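Descriptive analysis of the structure
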Amino acid sequence: MENNQEITVQEIEKSKEILNNIQTYYTGKMVGQEQLGLSLLVVMMCNGHILLESVPGLAKTTAAKTITEAVKGEFSRIQCTPDLLPSDIIGTQLLNYATNSFETKLGPVYANFVLLDEINRSSAKTQSAMLEVMQEQQVTIGGKVFEMPEIFTVIATQNPIEQEGTYMLAEAQLDRFLLKEKLNYPSQEEEYTILNRIEQNVFSAKDSVATLQDVAFLQKLVKRVYMDASIKKYVIALVHATRYPEKFISPELSGYFNLGASTRGSIALMEVSKAVALVRGRNYVIPEDVRALIHSVLRHRISLNYAAVADGISEEQVLDAIVGAIPTP
């Protein structure tokens with residue numbers, strides 16, 4: 001089926017049903033965290049990866065398990081520590097004494113949804129072992145290549161507060177994540193609901209509402225969502241403005257920039273916009289879809305200097321200034 005073939009009404013209706021089932025399942029377990037729910041859905045539809053940043057205990061693991069259960073996928077959790085080796089993640093070769101030959105044992109990364117808990121606690125060598133897996137969707141063990149499952153999403157977490165014994169993610173590693181989400185504490189009302197749901201044993205139920213075949217259907221559909229040339233130019237203009245901010249925003253804000261987003265940022269923004277459009281029930285992209293997750297797409301692809309940290313200026317603030325400066329098509 002050609003990617004440029006127009007999406008039919010029947011396909012839109014089918015996608016709406018699948019997405020509604022998944023979203024209903026998610027909200028039935030998760031309290032609040034609507035932005036995270038949308039981001040996980042979009043990442044899954046784009047077959048990409050997501051980085052979650054928050055203090056411990058804000059349901060990052062629960063969210064990852066919930067989205068996996070919803071589509072009856074295979075879930076794997078890897079607790080990252082400084083002594084974690086690449087072979088602990090991707091697998092290794094073991095000697096079978098009975099046959100006197102080596103056998104390949106695939107690591108826990110070989111699953112549909114992989115939770116890399118506290119990824120910044122693993123060494124740079126181990127982090128780099130994930131690059132091939134995340135970008136090329138394959139692992140190499142003993143010179144032999146093993147393809148990852150068709151549906152493959154890495155959900156990595158990191159704690160922004162505790163930095164002792166951690167290794168900062170390199171820009172090349174950060175760029176592999178389609179989205180980066182920052183999670184905040186729930187409100188008192190939301191926390192009250194969480195306690196009630198724990199009492200009701202809501203989180204023990206693991207009934208799937210979709211299949212991996214449904215996810216594959218959504219992924220193929222996303223590629224066929226129409227994006228007009230004017231919207232593509234809008235995406236490019238937004239990313240371009242992060243590279244030359246002095247041309248678009250005030251000198252005070254542009255002075256905080258160290259580095260702008262690469263072409264991978266433009267590609268990510270285009271893919272995410274198409275997924276958002278499909279979630280909203282359309283087979284074409286509008287400017288609002290582009291802006292919907294722009295913080296999540298670009299916050300880890302731009303770099304601010306120490307002056308920004310000292311003055312309390314966030315990536316979201318400068319991105320909002322750029323969005324306000326670029327004319328909407």
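The following paragraphs examine the structure supplied in this document.

How each quantity is defined
Once a new chain begins, its residue numbering starts again from 1 and follows that chain's sequence as written. Note on the predicted model: pLDDT of at least 70 is required for a residue's local features to be given, and 80 or more for side-chain atom pairs to be given and counted; whole-chain, interface and lining totals, by contrast, use all residues. As a rule here, side-chain values come from all non-hydrogen atoms in the structure, and water together with hydrogens is ignored. Per the convention used, a helix needs a DSSP run of H or I reaching at least four residues, while a strand needs a run of E reaching at least two, with both numbered from the N terminus. Each radius of gyration is computed over the set of C-alpha atoms, and the globule rule expresses the reference value as 2.2 Å times the number of residues to the power 0.38. Contacts are assigned to residue pairs with any non-hydrogen atoms lying within 4.5 Å of each other. In this description, accessible areas are obtained by the Shrake-Rupley approach with a 1.4 Å probe, and a residue is regarded as covered only by the protein chains that are shown. Asp and Glu count as negative and Lys and Arg as positive, but His and the ends of the chain are not part of the count. Charged side chains are reduced to one point each, which is NZ for Lys, CZ for Arg, CG for Asp and CD for Glu. Only protein chains enter the accessibility calculation, which uses a 1.4 Å probe. A residue is then buried if its area is under 20% of the maximum for its type, exposed if over 50%, and partly exposed in between. Think of a salt bridge as a Lys or Arg side-chain nitrogen and an Asp or Glu carboxyl oxygen that are within 4 Å of each other. Two N or O atoms count as a polar contact when they lie within 3.5 Å, although within protein this holds only if one can serve as hydrogen donor and the other as acceptor, and sequence-adjacent residues are included solely when both atoms are side-chain atoms. Working convention: axes come from line fits to C-alpha atoms, limited for helices to the stretch in contact. Angles between N-to-C directions cover 0 to 180 degrees. Any angle between 65 and 115 degrees counts as roughly perpendicular, while under 35 counts as roughly parallel, over 145 as roughly antiparallel, and the rest as oblique. Here is the rule for handedness: rotate from the far helix to the near one, and if that takes an anticlockwise turn smaller than a right angle the crossing is left-handed, while a clockwise turn gives right-handed. When residues are grouped by polarity, Ala, Val, Leu, Ile, Met, Phe, Trp, Tyr, Cys and Pro land in nonpolar, Asp, Glu, Lys and Arg in charged, and all others, Gly among them, in polar. The pairing test for Phe, Tyr and Trp rings, Trp by its six-membered ring, is centres within 6.5 Å, and the orientation test on the planes gives stacked under 30 degrees, edge-to-face over 60, and tilted for anything in between. Put simply, a charge is over a ring when the Lys NZ or the Arg CZ is close to the ring centre, within 6 Å, and near the line of the ring normal, within 35 degrees. One fewer than the residue count of a helix, multiplied by 1.5 Å, yields its expected span. Of all possible arcs, the one meant is that of the directions from the helix axis to the C-beta atoms. Working definition of a nonpolar core: buried Ala, Val, Leu, Ile, Met, Phe, Trp, Tyr and Cys residues. They are joined through side-chain atoms within 4.5 Å. Here a strand pair is declared whenever DSSP counts at least two bridges between the two strands.

Moving on, we get to the overall build of the chain. On a plain count of helices and strands, the chain comes out with 15 helices and eleven strands. Against the compact-globule benchmark of 20 Å for 329 residues, the chain has a radius of gyration of 21 Å, which places it among compact chains. For the chain, the C-alpha atoms occupy an extent of roughly 70 × 50 × 50 Å along the three principal directions. Residue pairs at least 24 apart in sequence account for 79% of intrachain contacts in the chain once pairs closer than 6 positions are excluded. Of the accessible surface of the chain, which amounts to about 16,200 Å², a share of 52% is contributed by carbon and sulfur atoms. Positive and negative side-chain charges in the chain, numbering 30 and 39 respectively, have mean positions lying 4 Å apart.

What follows covers the side chain of Lys60. Relative to the elements of secondary structure, Lys60 occurs in helix 3 (residues 60-70). Buried Lys60, no salt bridge; nearest opposite-charge side chain is Asp117, N-O distance 5.9 Å. Reaching out from Lys60, the side chain makes a polar contact with the backbone oxygen of Val55 at a distance of 3.2 Å. Apart from the residues within four sequence positions on either side, Lys60 is in contact with Leu52, Ser54, Val55, Thr157 and Leu183.

Another aspect to go through is the packing of helix 8 (residues 212-223) against helix 11 (residues 263-279). One can describe the packing of helix 8 onto helix 11 by two numbers: an axis separation of 9 Å at closest approach and a directional angle of 115 degrees. In this view, helix 8 runs roughly perpendicular relative to helix 11, as classed from their interaxial angle. Relative to helix 11, the crossing made by helix 8 is right-handed. Residues Leu218, Leu221, Val222 and Lys223 of helix 8 touch helix 11, and the partners they reach there are Glu271, Lys274, Ala275 and Leu278. Of the residues belonging to the contact of helix 8 with helix 11, the class tally is five nonpolar, no polar and three charged.

What follows concerns the packing of helix 1 (residues 9-29) against helix 2 (residues 34-46). In helix packing, the relevant descriptors are the interaxial angle and the interaxial distance, both defined with respect to the helix axes. Where helix 1 contacts helix 2, the axes come no closer than 11 Å and their chain directions differ by 140 degrees. Looking at the two axes, helix 1 sits oblique to helix 2. The interaxial crossing formed by helix 1 with helix 2 has right-handed handedness. Judged by residue contacts, Leu19, Ile22, Gln23 and Tyr26 of helix 1 engage Leu36, Gly37, Leu40, Leu41, Met44 and Met45 from helix 2. When its residues are assigned to classes, the contact of helix 1 with helix 2 shows eight nonpolar, two polar and no charged.

Attention shifts here to the pattern of salt bridges. Enumeration according to the criterion identifies 15 salt bridges in this entry. Across the salt bridge formed by Arg224 and Glu11, the nearest N and O atoms sit 3.0 Å from each other. Of this pair, Arg224 sits in the loop between helix 8 and helix 9 (229-243) while Glu11 sits in helix 1, and the two are 213 residues apart along the sequence. Judged on exposure class, the residue Arg224 and its partner Glu11 are both buried. Here Arg301 and Asp175 are joined by a salt bridge, their closest N and O atoms 2.9 Å apart. Of the two residues, Arg301 sits in the loop between helix 13 (294-298) and strand 11 (303-304) while Asp175 sits in the loop between helix 6 (171-174) and strand 9 (179-182), which places them 126 residues apart along the sequence. For the residue pair Arg301 and Asp175, the accessibility class agrees, reading buried in each case.

Turning our attention to the packing of aromatic side chains. Counting across every chain of the model gives zero aromatic pairs. Above the ring of Tyr284, the side-chain terminus of Arg282 is found at 5.6 Å from the ring centroid.

Between its first and last C-alpha atoms helix 1 spans 31 Å; for 21 residues at 1.5 Å apiece the expected length is 30 Å, and the two agree. Listing the buried residues of helix 1 in full gives Glu11, Ile12, Ser15, Ile18, Leu19, Ile22, Tyr25, Tyr26 and Lys29. One side of helix 1 carries all its buried residues, which in axial view fall inside an arc of 165 degrees. Seen from the buried face of helix 1, the exposed residues on the opposite side, beyond 90 degrees, are Val9, Gln10 and Glu17. Of the surrounding secondary structure, the elements contacted by the buried residues of helix 1 are helix 2, helix 3, helix 7 (188-199), helix 8 and helix 11.

What follows deals with the nonpolar core. With 74 residues, the main nonpolar core has Ile22, Met45, Leu179 and Leu238 as its most contacted residues. With near-sequence residues (within four places) excluded, Met45 lies in contact with Leu19, Leu218, Gln219, Val222, Ala275, Leu278 and Val279. With 24 residues, the next largest nonpolar core counts Val114, Phe146, Val154 and Ala156 among its residues.

Attention now goes to the sheet that holds strand 2 (residues 75-79). Within the open sheet, the five strands sit side by side as 2-5-8-1-9. Their pairing is parallel. The outermost strands of the open sheet, each flanked by one partner alone, are strand 2 and strand 9. Direction aside, the axes of adjacent strands within the sheet are offset by 15 degrees on average. Note: strand 1 (residues 50-53) against strand 8 (residues 153-158), four bridges, orientation parallel.

Let's shift gears to the environment of Ile141. With respect to the element layout, Ile141 can be found in strand 6 (residues 138-141). Classification of Ile141 by relative accessible area gives buried; the value is 4%. Placed 76 residues apart in sequence, Ile141 and Phe217 show a C-alpha to C-alpha distance of 31 Å. Look past the residues within four positions of Ile141 in its chain and what remains in contact with it is Ile90, Gly91, Thr92, Gln93, Thr104, Lys105, Leu106 and Phe146.

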